[in-house]
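A structural walkthrough
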Amino acid sequence: IEARICAENPDNQFLPATGTLHVYRKPAASSFRIADVRIDDGVREGDAISPYYDSMIAKLIVRGDNRDQALARLDAALAQTQIVGLATNVQFLRHVLRSPSFAQARLDTALIEREKDQLFHQDPVGVPLAVAAAVASALLQEQAQQGADPFSRRDGWQSHGRTERPWSWVIEGATVDARLRYLPGGALALMLAAQEDLPALDAPLVFSAKDGQLDLEYAGQRTRAEVHRLGEQYHVFTPRGAQVLTGIDLLAHAGETQAEGGRLTAPMPGKLVSFAVQVGDSVTAGQALAVMEAMKMEHTIAAPHAGVVEELLYQPGDQIGDGAELLRLARAGA
């Protein structure tokens, strides 16, 4: 069975992604020769994935004595594939393998639609373990950076009272608040505020690190995890899946604001093929505004709401970065 690892975001209509392979870890495998696990690729850690070529990063190929063995071997290999720096379909491929249709070889062009509830916006790691892994990783990084003098220590020691440290994370667009409690004897406890579908938690946080991996236990769950930090993002990889958390530093972002409603940005990097509107045009929600091209595919950009086109900020043929403002659209009646 062959899995094609691509630079794309399945949870956002498979839009292509670009960026640098800040982390590119692969399972033990052969390259361009027959083996139980084989990876054919042409990139290395540190390489850039640009919008000028196909989005495929690698082919991961496994074989087994039967379909079940091959599926298990492929899932294990994907679990060991860690890519940080751009969106990929690695976790989506794992969801596909676990779907009843694929596992039972009921394969047709309707598979993704039929199994969509199991394929998109999944979180096999779970918020509690993801937050616990990110907090543990941050603590270990701080310990490694502290100096010899007692005033550089960041272990929460104080002569009396109870020490609590607040944390805030964004996971899949939702904010998760947590508090780390420093207990007597150096023990730790992590409190998570209640979420829409998750009750509040307050449980011991126990972890140790060896060879770059965390052995983590929290709220009755135990797992191994590897955490890679890129800026404010913590990429958590576990045998059951992966999750990305963004740490919120309120001081670092004080005073920042984001205008809403009047900006329309590029959903991926690429070339602007054409605008379908002109300044002064009135548009309705869902109306095509522009066409972009990336990685040999064209994508239509639609209006998120009704309004009037105020300004076009690029010319056809321009290369545009991910998130760049394409045009300004005033809301109808504004």
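As a starting point, this report considers the structure included with it. Within each chain, residues carry numbers counting from 1 in the order of the written sequence. Whole-chain, interface and lining totals are the exception, using all residues; otherwise, since this is a predicted model, local features are given only for residues with pLDDT of at least 70 and side-chain atom pairs are given and counted only at 80 or more. Only hydrogens and water are set aside when side-chain values are computed; all heavy atoms of the structure are taken into account.

**Some words on helix 2 (residues 90–98)**
- Of all the nine residues making up helix 2, seven are buried; the element is thus mostly covered by neighbouring parts of the structure.
- Burial classes follow relative accessibility: with a 1.4 Å probe on protein chains only, a residue under 20% of its type's maximum area counts as buried, one over 50% as exposed, and anything between as partly exposed. To qualify as a helix, a DSSP run of H or I must reach at least 4 residues; to qualify as a strand, a run of E must reach at least 2; elements of each kind are numbered from the N terminus. Taken together, the buried positions of helix 2 are V90, F92, L93, R94, H95, V96 and L97.

**Some points on the nonpolar core**
- Within the largest apolar cluster, 34 residues are counted, with the highest numbers of intra-cluster contacts made by V131, V135, L180, L190 and L205.
- Going through the elements one at a time, helix 6 (127–145), strand 10 (163–171), strand 11 (174–182), strand 12 (188–192), strand 13 (201–210), strand 14 (213–218), strand 15 (221–230) and strand 16 (233–238) are the ones with two or more residues in this core.
- Per-element tally for this core: the top contributor is helix 6, with eleven residues.
- The contact criterion used is simple: two residues touch if any of their non-hydrogen atoms lie within 4.5 Å. Excluding residues that lie within four positions of it along the chain, L180 makes contacts with V135, L139, T163, E164, R165, W167, L188, A189, L190 and L205.
- Among buried residues, the Ala, Val, Leu, Ile, Met, Phe, Trp, Tyr and Cys ones that are joined through side-chain atoms within 4.5 Å form a nonpolar core. Listed in part, the 30 residues of the second largest apolar core include I39, L78, L86 and V96.

**Things to note about the side chain of T88**
- Along the chain, T88 falls in the loop between strand 9 (82–84) and helix 2.
- Contacts described as polar in this section are N or O atom pairs within 3.5 Å, which, within protein, must combine one atom able to donate a hydrogen with one able to accept it, while residues neighboring in sequence count only if both atoms come from side chains. Only 3.4 Å separates the side chain of T88 from the backbone nitrogen of V90, close enough to count as a polar contact.
- Setting aside its immediate chain neighbours within four residues, T88 contacts C6, E8, P10, I57 and I83.

It is worth stressing that arrangement in space is one thing and function is another; only the former is reported here.
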